[in-house]
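# A look at the structure
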Amino acid sequence: MEFLLDTANIQQIKKYNEIYKVTGVTSNPTIISREKSEFFPTLYKIKEIIGDKQLHVQVTGSICEEMVKEAETIVKNIDKKVYIKVPTNEEGIKTMKVLKDSGYNVTATAIYTPQQAIMAASVGVDYAAPYFNRMCNNNYNAPEAIAQMAKMYKMYNKSTKLLAASFKNTNQIMQALLSGAEAITASPELYSMMFESPLITSAIEKFSEDWAELYGDKKIYEL
């Protein structure tokens, strides 16, 4: 089970990298543009924070030649460990094949169907990223689709991991995990929401009250 941060916000990455055992950080052109900062300087700052953890960076080209050239530039400017995110259409599959044959780490992104997922796995990508909420918005049964992807990967002994993405709430994250996703990438806000519950708050408050009755405001290390 792997958890990645789907953000390019430097302060968020600093904060949540200290809180959680994250596998790395994912980004895309939309996420990068939100920060209104330079492309490579932003990625350099992220790498400074996460060190050897994974960094997934998406290309923007529309044809194979453009995407391969962008991938080469990204790796040259960062390092060979970067995961190149490529949209999963025909030109994307062609690009993934070229990149994997050249030794790149590759993440197939913008996946909505099991068909896309198995074709991406056929060229040896490291991760395949089904878009959970976007699938739901387009009347796809996201949990069922992810379960089918996981079943096919197991059936055909594919090493590609399912990296589920695009979530609007924590219930969707749990559905993706229960359906067979091995990794999740989500906004830091959604990870925080996993701990938002009146039951958790009341339990912690009760522990504090019971402790204070006997020991006042002393901490264990002060006894």
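Preceding block: the structure.
Report on the accompanying structure. In this text, all values refer to a predicted model and were calculated from it rather than measured experimentally.

Read around the closed barrel, 8 strands run β1-β2-β3-β4-β5-β6-β7-β8, paired in parallel fashion. Taking the axes of each pair of neighbouring strands and ignoring which way they run, one obtains an average angle of 25 degrees across the sheet. In the sheet, strand β6 (residues 127-130) pairs with strand β7 (residues 161-164) via 2 bridges, with the strands oriented parallel. If you follow Tyr127 over to β7, its bridge partner there is Lys161. With respect to the sheet, helix α5 (residues 90-101) is in contact with β4 (83-87) and β5 (105-111), its orientation differing from that of β4 by roughly 160 degrees.

This part takes up unusual backbone geometry. Notably, Ala110 is not glycine yet its phi reads approximately 60 degrees, a positive angle. Within the secondary structure, Ala110 sits in strand β5. Of note in the backbone geometry, Ser166 takes a positive phi value of approximately 65 degrees without being a glycine. Relative to the helices and strands, Ser166 resides in the loop between β7 and α9 (170-179).

Take the layout of surface pockets next. Put simply, the largest pocket is a space of about 450 Å³. Forming the walls of the largest pocket are 25 residues, and the residues nearest its centre are Asp6, Asn28, Ile31, Arg134 and Ser166. Contributing elements (two or more residues each) for the lining of the largest pocket: α2 (29-34), β3 (54-58), β4, β5 and β8 (183-186). By residue number, the principal contributor to the lining of the largest pocket is α2, which donates 4 residues. Looking at the lining of the largest pocket residue by residue, the class counts come to 11 nonpolar, 10 polar and 4 charged.

This part is about the packing of aromatic side chains. Under the defined criterion, the tally for this structure stands at 10 aromatic pairs. Pairing Tyr20 with Phe195 gives two aromatic rings, centres 6.3 Å apart and planes at 10 degrees, and the pair type is stacked. Placement of Tyr20 in the loop between α1 (10-19) and β2 (24-26) and of Phe195 in the loop between α10 (188-193) and α11 (198-215) is noted, with a sequence separation of 175 residues between them. Residue classification places Tyr20 among the partly exposed residues on the basis of a relative accessible area of 22%. A centroid spacing of 4.9 Å and a plane angle of 80 degrees characterise the contact between Phe39 and Phe40, whose relative ring orientation is edge-to-face. Given the relative accessible area of 19%, Phe40 is considered buried.

This next bit is on the pattern of salt bridges. As enumerated under the stated definition, the model contains 7 salt bridges in all. Residue Glu2 is joined to Lys161 by a salt bridge in which the shortest nitrogen-to-oxygen separation is 2.6 Å. You can see Glu2 sitting in strand β1 (residues 2-6) and its partner Lys161 sitting in strand β7, a full 159 residues away along the chain. Two residues, Lys206 and Asp210, come together in a salt bridge whose shortest N-O distance is 2.8 Å. Separated by 4 residues within a single helix, Lys206 and Asp210 lie in helix α11, roughly one turn from each other. Since its relative accessible area comes to 42%, Lys206 is described here as partly exposed.

It is worth spelling out helix α8 (residues 142-155) at this point. Over its 14 residues, α8 extends 20 Å from the first C-alpha to the last, a length consistent with the 20 Å expected when each residue adds 1.5 Å. By the burial criterion, the buried members of α8 are Ala142, Ala145, Ile146, Met149, Met152 and Tyr153. On an axial view of α8, the arc spanned by its buried residues comes to 125 degrees, and they lie on one face. Facing away from the buried surface of α8 by more than 90 degrees, the exposed residues are Lys151, Lys154 and Met155. If you follow the buried residues of α8, they end up packed against β5, α6 (114-122), β6, α7 (132-137), β7 and α9. One side-chain oxygen at the N-terminal end of α8 lies 3.1 Å from the backbone nitrogen of Glu144; it belongs to Asn141. Asn157 lies just past α8 and shows a positive phi near 55 degrees.

Procedures and definitions
Residues numbered from 1 in each chain as written. Predicted model: local features only at pLDDT ≥ 70, side-chain atom pairs only at ≥ 80, totals over all residues. Heavy atoms only, no water. Pairing = 2+ DSSP bridges. Helix = DSSP H or I, 4+ residues; strand = E, 2+ residues; numbered from the N terminus. Axes fitted to C-alpha atoms, helices over the stretch in contact; angles between N-to-C directions. Contact = heavy atoms within 4.5 Å. 1 Å grid on protein atoms, 1.4 Å probe; cavity = no way out; pocket = protein on both sides within 12 Å on 5 of 7 lines; lining within 4 Å. Points joined across faces, edges and corners; volume = space filled by probe spheres on them. Nonpolar A, V, L, I, M, F, W, Y, C, P; charged D, E, K, R; others polar. Phe/Tyr/Trp six-rings, centres within 6.5 Å; stacked < 30°, edge-to-face > 60°. Buried < 20%, exposed > 50% of the residue type's maximum accessible area, 1.4 Å probe, protein only. Salt bridge = Lys/Arg side-chain N within 4 Å of Asp/Glu carboxyl O. Expected span 1.5 Å × (residues − 1). Arc of directions from axis to C-beta. Polar contact = N/O pair within 3.5 Å; in protein donor to acceptor, adjacent residues only side chain to side chain.

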